[in-house]
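Now for the letters of each chain:
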Amino acid sequence: MSDCIFCKIVKGEAESYIVYKGHGVTVFLDKFPVSKGHLLVVPDEHYESIHDTPLSKACKVWAVASAIAKYYRTKVGASGVNVLTNSGSDAGQVIFHFHVHVIPRWGPMRGFFAGRHSLTEEEAQEALNMLSGVKDFIEEELSREGCV
Ligand SMILES: [Zn+2]
């Protein structure tokens, strides 16, 4: 889809902080994070939402999201992590390219999307530093088990 912002990010045609790319999946920092390290995991191919994403593709997206959640809990010390997708505008979906949110929590959450703000350069760099080991971690997790 030529007018899809996530397709543009996947192809490198729109600016973003890409954290991981592999197995047909791209991971980047949410431009409007609710917490430091809020990531989006998307399939490289365009699907509107989870309802039209083939299971073989969705499986890879969820596997990468799971690995990142594990990384946040075991390597970076997040006290909690949310992993979720919104399907349909009634569920809060805004960008219609299937994506899974991975939201690390650094303390008790006040509300699901409470505290959503614009990503700053400083916050992005801090998040990228925190995620410096995540690429290897994902590859290790996916090579050991999972659907990829
Ligand atoms: Zn797209």
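Cut-offs used in this document
Residues numbered from 1 in each chain as written. Predicted model: local features only at pLDDT ≥ 70, side-chain atom pairs only at ≥ 80, totals over all residues. Heavy atoms only, no water. Donors = N, O, S within 2.8 Å, 3.2 Å for Na, K, Ca; no water. Tetrahedral: all angles 85-135°; square planar, octahedral: opposite > 155°, others 65-115°. Helix = DSSP H or I, 4+ residues; strand = E, 2+ residues; numbered from the N terminus. Buried < 20%, exposed > 50% of the residue type's maximum accessible area, 1.4 Å probe, protein only. Contact = heavy atoms within 4.5 Å. Arc of directions from axis to C-beta. Pairing = 2+ DSSP bridges. Axes fitted to C-alpha atoms, helices over the stretch in contact; angles between N-to-C directions.

Participant: Explanation requested: the coordination of the zinc ion in the structure shown.
Facilitator: For a metal with four tetrahedral donors the ideal donor-metal-donor angle is 109.5 degrees, while six octahedral donors give ideal angles of 90 or 180 degrees. Here the zinc ion is held by Cys4 (SG), Cys7 (SG), His46 (ND1) and His97 (ND1), and the distances to it run 2.0 to 2.3 Å. Coordination at the zinc ion is tetrahedral: its four donor atoms span angles of 106 to 116° at the metal. Counting the intervening residues between successive donors of the zinc ion yields the motif C-x2-C-x38-H-x50-H. Separated by 51 residues along the polypeptide, histidine 46 in the loop between β3 (39–43) and α2 (55–74) and histidine 97 in the loop between β4 (80–84) and β5 (100–105) bring together distant segments of the chain. By relative accessible area, histidine 97 is classed as buried at 0%.

Participant: How should I be thinking about the environment of leucine 40 in this particular structure?
Facilitator: Locating leucine 40 in the fold gives a position in strand β3. As for leucine 40 and threonine 85, which are separated by 45 residues in sequence, their C-alpha atoms are 9.5 Å apart. If sequence neighbours within four positions are ignored, leucine 40 has contacts with Phe6, Thr26, Val27, Phe28, Asp30, His99, Val100 and His101.

Participant: Sorry, what's going on with helix α4 (residues 134–144) here?
Facilitator: Structural remark: α-helix, 3.6 residues per turn; residues separated by three or four positions point the same way. Residues Val134, Phe137, Ile138, Glu141 and Leu142 constitute the buried set of α4. Down the axis of α4, the smallest arc covering the buried residues is 120°, so these residues share one side. Residues of α4 that are exposed and angled more than 90 degrees away from the buried face: Asp136, Ser143 and Arg144. In this structure, the buried side of α4 is in contact with β1 (18–22) and α2.

Participant: Is there a simple way to explain the sheet that holds β3 in this structure?
Facilitator: The strand order across the open sheet built from five strands is β1-β2-β3-β5-β4, with neighbouring strands paired in antiparallel fashion. Both edges of this open sheet fall to β1 and β4, since each of them pairs with a single strand only. Here the strands of the sheet are splayed against their neighbours by 15° on average, with no regard to which way each runs. In terms of strand pairing, β1 meets strand β2 (residues 25–29) through four bridges, oriented antiparallel. Each residue of the ladder has a partner; that of tyrosine 20, found in β2, is valine 27.

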